[in-house]
Every structure is written in structure tokens, then in C-alpha cells.
Amino acid sequence: MRSYIYYFLLLTAILAACGKDNRVMYKEDPRIYFSKFATNPDSTDYSFGVKPVGLLTDTAYLTFRIMGTAVDKDREIKVTIADSSKAKAGYHYNLGPLVMPANAYEVRVPVYLYRKPGLKDSIVTIDFTIEESKDFKPGYNDKPGLNVYDRLHYKISLNDQLLKPASWDSRLALSFGVYSKTKFNFMIVTTGKTDWNSTIFPGDQNFLIQTVKLSLYNYEQANGPMLDENGVRVVFP
Amino acid sequence: MKANLTIISILAILFSSCYKDKGNYDYAALNKLEIKDKNGVINISIIFGDTLRLSPEITQTTAQNEENLTFEWMVFDNSPASSYALPKTVIATTRNLAVQITEPPFVLSQNYRLTYKVTDKRTGVSSFLFYNLTIINKYAQGWIFLEDKGGAGDFSMLLPNGTVEYNVYSSLNSAAPMSKPVKLEITPFQITDDMSPSSKKIYLLTETDGMEVSYQTMQKKFNYGFLFYAAPQIIKPTRHTWVSTSTSATLSGSLGVVVNDGKVHTNLVGGFPGSKKWGASLLSPAGNLNYITAPFVAGGTTYTAAVYDVLNKRFYSVGNTVLSAFPSTASTVFDMNNVGMDLLYLDSANVVREYNAVFKDETNTPYLLKFKTVSTTGAPNLTLLKTQMNAPDIVNMTAAASSTLTPHIYYGVGNKLYRYETTSNTTFPQFTFPAGETVTKLKFSRQPLGTSQLAAVTWTGTESKVYFFDVSNVGDFTTYTNVYSGFARIVDLGYKVP
């Protein structure tokens with residue numbers, strides 16, 4: 001009887017090594033952030049002023065990206081609008097469904113913008129902040145590149161005016177000279193380009209410069225010099 | 001007692017695993033394989049439809065025969081624009097390869113990676129040899145003759161084996177007939193414009209249109225207007241070329257220069273993202289369009305490109321977005337900004353980045369002006385020579401070609417071919433074609449490693465002929481080496497390299 005006990009103890013000791021370990025896997029919380037790249041800047045500066053007069057509504061987009069893996073069900077995204085926002089929900093804008101679709105890593109949520117009379121003389125903003133929802137915690141909050149806002153915040157500024165692009169003095173002035181509203185409007189009309197804040201690649205930039213120069217030459221041939229709102233002749237260097 | 005013995009036995013078994021392995025085994029040397037191509041060829045251009053034959057050398061360290069080896073030849077599409085997920089195809093399992101290049105899996109103009117895998121069945125160890133294949137057609141290399149067939153365009157080719165293929169364009173592009181042709185443009189270096197994979201370029205210009213054709217297949221690729229961001233309102237192209245600012249032996253395109261309806265358009269290429277197309281007309285330094293550009297473009301490094309305005313009789317420096325005057329310090333021998341004469345001909349001289357320009361003044365007196373497009377801050381002058389030419393009848397020339405080998409300009413008047421020497425300002429009657437033939441086009445083809453050639457096109461009244469002269473290293477020749485006939489009126493010609 002004793003020998004059987006020995007056998008049992010020994011076999012138990014030997015077979016103990018045959019147990020299967022549970023694999024220890026890292027499992028992170030599902031998180032979400034605003035995807036921001038050079039072609040998807042941190043803040044949308046939208047102006048109805050560079051659009052056709054008849055355009056009364058347009059759409060901007062918030063691009064959300066998840067951390068972790070996609071799952072097979074729709075998940076809720078939560079954002080709050082900061083008190084600093086001057087835009088009125090339902091009047092200046094409406095937000096599309098805040099849902100990360102099943103099996104998706106990224107979603108573009110539409111923000112419907114409305115052209116309202118007050119935008120002629122004021123700029124309103126919509127300041128978004130990602131909050132924790134039942135499906136996502138806020139993602140990481142670094143500031144990619146030269147962005148002012150981190151990846152948990154996004155700002156849409158809305159107006160109906162011809163505003164000087166933020167990058168004019170630092171980037172556009174070299175190619176297009178001194179800013180004036182008249183000049184900028186002429187540039188938009190002749191090139192059809194309305195977004196002058198995002199990156200312009202060299203080939204496209206050359207074409208824009210060539211086009212405005214040629215268009216101004218043709219304008220002057222027909223109408224004489226073009227004067228801006230300050231009475232200064234519009235020229236391109 | 002029995003239990004103790006059992007325990008001791010089990011412990012002995014358990015402790016046996018603690019025995020130190022001395023590692024003193026007998027090792028058998030593995031058979032190592034080495035494969036190489038006996039011709040050392042890795043990059044192969046092969047004509048679609050031909051049979052590819054390869055017999056690599058295999059050496060083995062222990063075996064003497066190949067009975068225990070298995071072989072596999074596998075290809076996949078390795079073209080720059082192709083997906084990485086394209087299938088791999090085993091095209092043979094034989095010792096040597098002999099396979100016809102046809103569809104599938106091969107497609108004309110695509111690049112393929114060919115892998116030769118040899119496996120030793122006894123060890124399972126494989127060795128590999130890789131080839132890069134480019135599938136070309138028989139028009140990969142040769143002279144192209146752009147022909148005007150009563151107002152319709154076509155081209156023929158003279159292949160390296162001396163055979164002439166007539167009606168090449170029309171046979172390959174029956175659905176895209178060409179209108180009256182004016183100019184053939186072949187770019188001898190790669191252009192990366194992101195409109196299609198990097199490649200050398202061929203443009204065919206007609207009186208009111210043009211196109212890009214595929215360098216590989218010679219089939220129409222893009223309509224002329226598509227080459228521009230916004231198609232010009234008037235399309236009358238006379239030049240559509242690329243210049244390179246490279247200073248290394250291998251050139252690559254830097255700036256595209258178009259002369260359309262007398263106006264200059266540019267296309268900047270380089271290692272930056274975004275689209276690359278030709279833009280709007282450039283304004284003159286005076287900020288207007290009151291200029292007409294001659295169909296000549298001189299490329300350079302300090303100055304990327306120079307063109308001549310036949311209206312204001314002066315040169316311009318071509319920039320990305322504007323035409324500029326040359327600085328006053330660039331002109332000492334003559335004034336680049338005020339030449340004041342009519343340009344007859346301009347082309348590369350026998351020194352890199354130097355150009356020969358033949359002018360005539362208001363009295364019909366010919367002048368040779370030489371200039372360069374390279375300068376330094378300390379030596380800003382570009383002008384090299386201005387001399388009245390001792391060149392009979394050159395103001396009435398019907399064709400000219402500047403040698404890039406020797407200091408000569410060959411020019412044709414009627415059925416006579418002359419050789420003008422730029423250094424001595426003398427002219428030598430080089431050759432006389434049969435009566436009734438008129439020289440209509442000349443082209444110099446420099447062959448750094450072989451015999452350079454001068455191609456002369458004549459028009460008999462009913463057909464064009466092409467004569468080839470082997471040019472000696474002093475620019476001389478006595479008679480032609482070959483003549484080809486049966487062409488419609490040749491308006492331009494060029495040599496296409498693979």
C-alpha cells in the first residue's frame with residue numbers, strides 16, 4: 001500500500017510539469033482619439049465666404065481613430081462641446097452619429113455647417129473634447145507636429161467672411177506677395193482653390209502662381225490695373 | 001524492498017537527464033549548392049514572344065551529379081506600380097529554362113522577378129538565383145522616323161538589326177489616329193512625374209495636338225491636354241521636352257519645358273509628393289505675353305533652361321513660374337538680353353552645357369553665337385563667342401545638326417551637305433546627295449563607346465530617304481554607310497535607347 005503511495009506521489013510530481021500555462025496577454029482598454037496628420041489638420045477653418053453665394057450648408061468631418069483592435073459591434077463615441085464654443089448646435093451646426101462602426105478602426109463623423117446671417121461679421125467656433133463613453137476611454141493627448149490642439153481636442157471655426165489664411169505671412173507671402181482681400185478673392189476665383197491653409201505641394205504651388213499671374217495679366221489687359229480695398233495695385237511677385 | 005528498488009529505478013531514469021552531453025558525434029558534411037549565371041547576367045530585357053533560355057551553373061561540394069536535385073523557376077510581377085499581392089507562378093521545374101514569354105503570366109512592358117530554386121532532396125536545403133526581367137517589344141531600341149502621310153501622322157522604325165518596320169504607330173494605335181505631325185520628342189533619361197511609373201518619355205507633337213506614348217509599348221498613353229493642369233486654350237506645340245540639372249553621369253529629369261503657341265510652360269519634378277503636370281503660360285520678364293519662343297531649349301545647371309524669343313530677339317532664363325532676364329554680368333561677348341538677330345538653329349555643342357546658336361542679322365549675314373548655361377558667382381559670364389560665319393548659304397539651310405563629338409555644325413542646303421568648323425570658322429563641302437533630293441533633316445547621334453553617326457533625311461518629291469554616315473573622331477566622313485528608303489515625308493527623327 002505504501003509503495004502505491006510512493007508511486008502516486010512521484011507521478012503527481014512528474015506530471016505536474018505537464019500542466020498548460022495560461023498565456024499572459026496584454027489587453028489594453030479600447031480608446032479613441034482625433035486622427036490628425038498634415039493633410040488632416042488639427043483645426044478646420046471653414047469659411048462660407050470662399051464658397052458660391054447659393055451654398056447654404058456644407059459638411060466638415062471629424063476623423064476618429066481607435067486604439068486597440070476593432071470589434072464586431074458598433075461602439076459609442078462621446079464628445080462634449082466646450083463652453084468656449086460660440087456656435088449654436090442645431091442653428092450653426094449639427095453633428096452626425098457618433099458611432100464607431102463594427103470592425104472599423106477609423107470613422108469620419110460629419111458636422112453639418114449652416115450659413116447664417118450672423119457669420120458675415122463674426123466667427124463662431126465648435127470646440128470638441130473626447131470624453132469617456134461606455135465603449136471608449138480617451139486616447140492619447142500628444143500634439144502632433146506644430147498643432148495647437150492635442151488629439152483629444154478639435155476645433156472648427158466657422159464664418160462667412162474672406163479671412164486672411166493663417167499661413168499667409170509664413171508661407172504664402174513668398175509666392176503671392178502682400179495680402180489683401182481683393183487679391184485673395186481674385187486668387188480663389190481664378191484658381192478655384194478655397195483651402196489655402198493646408199499643405200500645397202510644389203507642383204500644385206507652381207501652377208497656382210502661374211495661374212494667378214496669367215489671370216491678372218489678362219484682367220489688366222481688359223480692365224486696367226486692379227486696385228485692392230486699400231487702393232493699392234494688386235501685383236504678384 | 002521491492003518499493004525501494006522501484007523508487008531507485010525511477011530516480012535513475014530521472015537523473016539520467018542530468019548526464020552531460022560531450023557532443024562527440026560523427027558529423028557528415030552537407031552538400032552545399034552554389035548557383036551562378038555563367039554570363040553574369042542578372043537584368044534581362046526580353047522581347048515579348050521570344051523564348052527565354054537560361055542555363056545557370058550549379059556547383060556542389062560533395063555530390064558529382066544532379067540526380068538528387070529538384071529545380072523550380074518561379075516569377076512574380078515586380079513592376080514599381082504593381083501590387084505586392086500579385087500571384088507567384090512556377091513556369092518550369094526543369095534544370096534549364098526554355099520558356100516562351102507570353103501571356104499568362106507575362107505582360108508586355110512589365111517587370112518580373114525570376115527566382116531559380118535548386119533543392120537537394122537528401123537535405124531539403126535550397127539555394128537560389130534571382131533575375132530581373134523586363135518584357136519589351138521589338139521596338140525597344142532603334143531609330144524612329146516621324147512621318148507626315150498627306151496630313152496624317154505615323155512613324156517607322158529602323159531596328160538595330162538593320163530591318164525597317166514601317167507604319168509602327170498606326171499598326172499599334174489603330175483607334176488613335178495621329179494628325180499632321182511636327183515634332184518627335186524622346187527623353188533619354190528617366191522622368192518621375194507620378195502620372196505613371198518612372199520611365200523615359202516619348203511625345204508626339206502635331207500641328208494642333210499631341211500625345212504621350214508609352215516608352216515600352218509605343219501605344220498612346222495620354223491625350224495632350226491631360227499632360228497639363230489645365231489644357232491650353234490653343235494647342236500648337238513645337239517643343240515638349242525635359243532638361244536635367246544633374247551633374248552626375250546618370251541624368252534624371254528636373255524641369256519639363258513646353259513651347260506651345262510660342263509660350264513657355266513648365267513642369268517641376270523631383271522627390272516631392274503631389275501631382276506633376278505642365279502649368280499655365282509663363283509671363284515674360286516684362287510681365288506680359290508679348291513674346292514668341294523659338295522651338296529650341298538649352299538645358300543647364302546654373303540656369304535650368306534657356307529659350308529664345310524671336311519677337312524681342314533675346315534669350316530668357318526659364319524658371320518654375322516665370323521667365324527671367326539674364327543678369328548683366330552674364331553677357332560680355334554679346335548681350336543675352338538683346339541679341340537683336342533672327343535665330344536659325346540652336347543645339348548642344350561638343351562641350352557639355354555649351355551651345356551653338358546660328359543667327360542671321362537684318363542683312364542676312366550669318367553669325368555663330370556660343371554660350372553656356374553654367375556659371376559661378378566669380379565667373380558669371382555665359383557668352384563665349386560671336387563671330388560672322390564663313391559658311392556659304394547657311395542662311396538658306398534646310399536642316400542642321402550640331403556635333404556633340406567635335407566642334408562642327410553640319411548643315412544642308414538643297415542636296416548639299418556642309419561641315420562648318422566652329423573653331424576655325426571654315427566650311428567644308430562634306431557630301432552631295434543625288435540631284436533632285438533635298439536635305440530636310442539632320443541628326444547627330446553620339447556614341448561614346450562606338451562610332452558616332454550622322455543621320456541625314458532627304459526628300460525626293462515622292463519619298464523620304466535616310467542616309468547614315470559614320471563620323472570619324474575628327475568629324476569627317478566621305479560617304480554613307482547605309483541608306484533606307486520608302487518613307488513618307490519624315491518631319492523628325494530620333495534614336496530610342498532601351
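Residues numbered from 1 in each chain as written. Chains lettered and ligands numbered in written order. Predicted model: local features only at pLDDT ≥ 70, side-chain atom pairs only at ≥ 80, totals over all residues. Heavy atoms only, no water.

**Observations concerning the overall build of chain A**
Note the cut-off: Only DSSP runs of H or I reaching four residues or more are called helices, and only runs of E reaching two or more are called strands; each is numbered from the N terminus. Burial status follows relative accessibility: with a 1.4 Å probe on protein chains alone, a residue under 20% of its type maximum counts as buried, one over 50% as exposed, and anything between as partly exposed. For the accessible areas, the method is Shrake-Rupley and the probe is 1.4 Å, while residue cover comes only from the protein chains on display.
Within chain A one finds 4 helices and 11 strands. Sorting the 237 residues of chain A into buried and exposed places 40% on the buried side. When the accessible surface of chain A is totalled, it reaches about 13700 Å², and 56% of it is carbon and sulfur.

**Observations concerning the overall build of chain B**
For clarity, the threshold we go by: Just so you know, the count uses Lys and Arg for positive and Asp and Glu for negative, and it drops His and the chain ends. To locate a charge, take atom NZ for lysine, CZ for arginine, CG for aspartate or CD for glutamate.
Helices and strands together make up the secondary structure of chain B, namely 2 helices and 36 strands. Dimensions of chain B, computed from C-alpha atoms along their principal axes, come out at roughly 135 × 50 × 45 Å. A total of 498 residues make up chain B; the buried ones form 49% of that total. Of the roughly 23000 Å² that chain B leaves accessible, carbon and sulfur atoms contribute 52%. Mean positive and mean negative side-chain charge positions of chain B (41 and 37 charges, respectively) differ by 5 Å.

**A few points about the sheet that holds strand S33 (residues 452-459) of chain B**
Paired through backbone hydrogen bonds, the strands of a sheet run either parallel or antiparallel to each other. Residues and elements named next belong to chain B. The condition that has to hold: Strand pairing is defined by DSSP finding a minimum of two bridges between the two strands. Helix axes use the C-alpha atoms of the stretch in contact, all axes being lines fitted to C-alpha atoms, and the angles between their N-to-C directions lie in the range 0 to 180 degrees.
With respect to topology, 4 strands assemble into an open sheet ordered S32-S33-S34-S35, the strand pairing being antiparallel. Two strands in the sheet have a free side with no partner beyond their single neighbour: strand S32 (438-445) and strand S35 (482-487). Averaged over all pairs of adjacent strands, the angle between strand axes in this sheet comes to 20°, irrespective of strand direction. Where S32 and S33 come together, 7 bridges link them in antiparallel fashion. Within S33, the residue paired with lysine 441 across the bridge is valine 457.

**Structural notes on the sheet that holds strand S6 (residues 93-95) of chain A**
All names here are of chain A. Reading across from one edge, S6-S8-S3-S1-S10 is the order of the 5 strands in this open sheet, with mixed pairing throughout. Of all strands in the sheet, those bounded by a partner on one side alone are S6 and strand S10 (137-138). Two elements, strand S1 (residues 31-34) and S10, share 2 bridges in a ladder whose sense is parallel. Paired with isoleucine 32 across the bridge in S10 is proline 138.

**Some thoughts on the packing of helix H3 (residues 181-191) of chain A against helix H4 (residues 202-223) of chain A**
Residues and elements named next belong to chain A. Definition in use: In these notes the angle categories are as follows: under 35 degrees is roughly parallel, over 145 is roughly antiparallel, 65 to 115 is roughly perpendicular, and the rest is oblique. For this analysis, residues touch if any pair of their heavy atoms sits within 4.5 Å. Gly counts as polar in this scheme, as do all residues outside two lists: the nonpolar Ala, Val, Leu, Ile, Met, Phe, Trp, Tyr, Cys and Pro, and the charged Asp, Glu, Lys and Arg.
Packing of H3 against H4 leaves a shortest axis separation of 10 Å and a crossing angle of 105°. Viewed along their axes, H3 and H4 adopt a mutual orientation that is roughly perpendicular. Counting all contacts with H3, which are made through Phe186, Met187, Thr190 and Thr191, the residues of H4 involved are Leu208, Thr211, Val212, Ser215, Leu216 and Tyr219. For the contact of H3 with H4, a count of residues per class yields 6 nonpolar, 4 polar and no charged.

**Description of the environment of B:Ala330**
Summarising the element assignment, B:Ala330 is placed in the loop between strand S23 (323-324) and strand S24 (342-348). Excluding anything up to four places from it in sequence, B:Ala330 contacts B:Pro380, B:Asn381, B:Leu382 and B:Thr383.

**Structural notes on H3(A)**
All names here are of chain A. Three or more residues of H3 are buried, namely Lys183, Phe184, Phe186, Met187 and Ile188. The elements touched by buried residues of H3 are helix H2 (168-176) and H4. Of the residues flanking the end of H3, it is glycine 192, one or two places downstream, whose phi is positive at about 80°.

**Considerations on the pairing of strand S31 (residues 426-432) of chain B**
Residue and element names in this part refer to chain B. In this structure, strand S30 (residues 416-421) lies alongside S31, joined through 6 bridges in antiparallel fashion. Residue pairing across strands places lysine 416 opposite threonine 432, the latter belonging to S31. The turn linking S30 back onto S31 is made up of 4 residues, and asparagine 425 within it adopts a positive phi angle of 55°.

**Some words on the domain arrangement of chain A**
Residue and element names in this part refer to chain A. Put simply, the rule reads: Residue ranges assigned to each domain were obtained from an automatic or database domain assignment. Buried area is calculated as the accessible area (1.4 Å probe) missing from two parts once they are joined, with the contributions of both summed. A pair is scored as a salt bridge if a Lys or Arg side-chain nitrogen falls within 4 Å of a carboxyl oxygen belonging to Asp or Glu. Polar contact is the term for a pair of N or O atoms within 3.5 Å; when the atoms are in protein, one must be able to donate a hydrogen and the other to accept it, and sequence-neighboring residues count only if both atoms are side-chain atoms.
The domain architecture assigned to chain A consists of domain 1 (31-159) and domain 2 (168-223). Taking only C-alpha atoms, the centre of domain 1 and the centre of domain 2 are 29 Å apart. With 4 residues of domain 1 in contact, the opposing surface of domain 2 contributes 4 residues. Here domain 1 meets domain 2 over a buried area of about 380 Å², counting both sides, of which 58% is carbon and sulfur. Our count for the domain 1 to domain 2 interface comes out at 0 salt bridges. Inspection of the region where domain 1 meets domain 2 yields 0 residue pairs in polar contact (both at pLDDT 80 or more).

**Regarding the packing of aromatic side chains**
All names here are of chain B. Where we set the bar: Pairing of aromatic rings covers Phe, Tyr and Trp, the last through its six-membered ring, and needs centres within 6.5 Å; plane angles under 30 degrees mean stacked, over 60 mean edge-to-face, and all others mean tilted. Only when the NZ of Lys or the CZ of Arg is both within 6 Å of the ring centre and within 35 degrees of the ring normal is a charge said to sit over the ring.
Tallied over the entire structure, the rule returns 47 aromatic pairs over all chains. Ring pairing ties together the aromatic residues Tyr410, Phe431, Phe433, Phe444, Tyr467, Phe469, Phe477 and Tyr480, which thus form one cluster. The side chain of lysine 277 reaches across the aromatic face of phenylalanine 226, ending 3.8 Å from its centre. Across the ring face of tyrosine 367, the terminal group of lysine 386 is positioned such that the distance to the ring centre comes to 5.5 Å.

**A short note on unusual backbone geometry**
Residue and element names in this part refer to chain B. Of the consecutive residues glutamate 103 and proline 104, the connecting peptide bond is found in the cis state with omega at -25°. Here proline 104 shows up in the loop between strand S7 (97-100) and strand S8 (111-120). Residue proline 105 follows proline 104 across a cis peptide bond; omega there is 5°. Examined against the element boundaries, proline 105 turns out to sit in the loop between S7 and S8. The phi angle at aspartate 194 is positive, at roughly 60°, despite the residue not being glycine. Of note, aspartate 194 is situated in the loop between strand S13 (181-191) and strand S14 (199-206). For methionine 218, which is not a glycine, the phi torsion comes out positive at approximately 65°. Position of methionine 218 relative to the elements: it lies in the loop between strand S15 (210-213) and strand S16 (220-223).

**Thoughts on H2(A)**
Residues and elements named next belong to chain A. Counted only if it meets this: Taking the helix axis as origin, the arc is that swept by the directions to the C-beta atoms.
Those residues of H2 that sit buried are Trp168, Leu172, Ser175 and Phe176. Buried positions in H2, seen along its axis, are confined to an arc of 105° and lie on one side of it. Seen from the open side of H2, the exposed residues pointing more than 90 degrees away from its buried face are Asp169, Ser170 and Leu174. Buried-residue contacts for H2 involve H3 and H4.

**Things to note about the pattern of salt bridges**
In the structure shown here, the tally under the stated rule is 23 salt bridges over all chains. Residues A:Arg65 and A:Glu106 are paired through a salt bridge, measuring 3.2 Å at the closest nitrogen-oxygen approach. With A:Arg65 in strand S3 (residues 57-67) and A:Glu106 in strand S8 (residues 106-114), this residue pair connects regions lying 41 residues apart in the sequence. Since its relative accessible area comes to 37%, A:Glu106 is described here as partly exposed. Two residues, B:Glu212 and B:Lys201, come together in a salt bridge whose shortest N-O distance is 3.1 Å. Of this pair, B:Glu212 sits in strand S15 while B:Lys201 sits in strand S14; the two residues are 11 residues apart in sequence, bridging distant segments of the chain.

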